[in-house]
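Structural overview for review
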Amino acid sequence: MALDYLPRTAFLGQIFRASHGADNARYTLVDHIENAEMQFLPGDLPLVPNSGALNQLFVQPDAVLTTESSFVLIEAKRIRRSAFQPQQLTREYVATLAHAGERTPLILLLGAEPPLQIKGRGRRSIEDAIQFELRDVLLQSGTYECDYELILGRIPDVFCWISWDEVATVVSRQAAAFASLESSVHASVQRLAGSITTALDWHS
């Protein structure tokens, strides 16, 4: 949550710049990061927007970040080793594409680097993990008429990732470089940035 309160361009924007993958989608977001709206633990996000709850599939993202041009789903993994559920990435991917609409879709895997640990399937690339489940998820969500090959082809343009160590490095670097003529503002930024690095150290 501290990233929501820190100066966006200097901190959250730099974390997206330091992430890997989906270059165009990341840069589109960064261009509008100051006006982004962030929701933490937004609850159930349906795979099919504006449809009834009957037989609906949902995902539960850790955060959703929206601008007029981007729709971003954030999946934060534990600092210690953790695995994705078999259909988790695929459902999140389908939901993100659906909710993005005309906006640019982006999924940030925070603290997870490919190949990803998939429960019961070992380590897989993002593409392999999604391809294995995509037909079933489209069928279960009632969106089986979607262009399967087109959806598969968009994966590299939607997924990006960054490690927790890289996040800590970015936050520390930006905090050290941050300057303000107002001493109270400077101290506030240092406290917020310090809360992030302290939390990461504590959970490591």
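Let us now look at the environment of Gly 111. Considering the arrangement of structural elements, one finds Gly 111 in the loop between strand 6 (104–110) and strand 7 (116–118). Relative accessible area serves as the criterion here: at 24%, Gly 111 is assigned to the partly exposed category. If near-sequence neighbours (up to four positions away) are discounted, Gly 111 is found in contact with Lys 77, Arg 78, Ile 162, Ser 163 and Trp 164.

Here the structure, examined in full by the defined rule, presents four salt bridges. Arg 8 is paired through a salt bridge with Asp 4; the nearest N and O atoms lie 2.5 Å apart. Each member of the pair, Arg 8 as well as Asp 4, is classed as buried. Arg 26 is the salt-bridge partner of Asp 23, the closest N and O atoms lying 2.5 Å from each other. Pair noted here: Asp 23 and Arg 26 are both in helix 3 (residues 23–30), with a separation of three residues, about one helical turn. Owing to a relative accessible area of 39%, Asp 23 belongs among the partly exposed residues under this scheme.

The subject of this paragraph is the environment of Lys 119. By secondary structure assignment, the location of Lys 119 is in the loop between strand 7 and strand 8 (122–124). Among the residues examined, Lys 119 registers a relative accessible area of 51% and is labelled exposed. Distance from Lys 119 to Gln 85, taken between C-alpha atoms, is 5.4 Å for residues 34 residues apart in sequence. Setting aside its immediate chain neighbours within four residues, Lys 119 contacts Ala 83, Phe 84, Gln 85 and Pro 86.

With that settled, consider empty space enclosed by the protein. For the coordinates displayed, the defined rule picks out one cavity of 30 Å³ or more. By volume, the largest cavity amounts to about 50 Å³. With four residues, helix 5 (residues 126–140) is the largest single contributor of residues to the lining of the largest cavity. In terms of residue class, the lining of the largest cavity is made up of four nonpolar, no polar and four charged.

This next bit is on unusual backbone geometry. In the segment running from Pro 114 into Pro 115, the intervening peptide bond is cis, with an omega of 0 degrees. Positive phi, normally seen in glycine, also occurs at Ala 22, with a value near 50 degrees. By secondary structure assignment, the location of Ala 22 is in the loop between helix 2 (12–18) and helix 3. Taking the relative accessible area as the measure of exposure, Ala 22 reaches 6% and is therefore buried. Residues other than glycine seldom take positive phi values, yet Leu 41 does so here, at roughly 45 degrees.

Definitions and cut-offs
Residues numbered from 1 in each chain as written. Predicted model: local features only at pLDDT ≥ 70, side-chain atom pairs only at ≥ 80, totals over all residues. Heavy atoms only, no water. Helix = DSSP H or I, 4+ residues; strand = E, 2+ residues; numbered from the N terminus. Buried < 20%, exposed > 50% of the residue type's maximum accessible area, 1.4 Å probe, protein only. Contact = heavy atoms within 4.5 Å. Salt bridge = Lys/Arg side-chain N within 4 Å of Asp/Glu carboxyl O. 1 Å grid on protein atoms, 1.4 Å probe; cavity = no way out; pocket = protein on both sides within 12 Å on 5 of 7 lines; lining within 4 Å. Points joined across faces, edges and corners; volume = space filled by probe spheres on them. Nonpolar A, V, L, I, M, F, W, Y, C, P; charged D, E, K, R; others polar.

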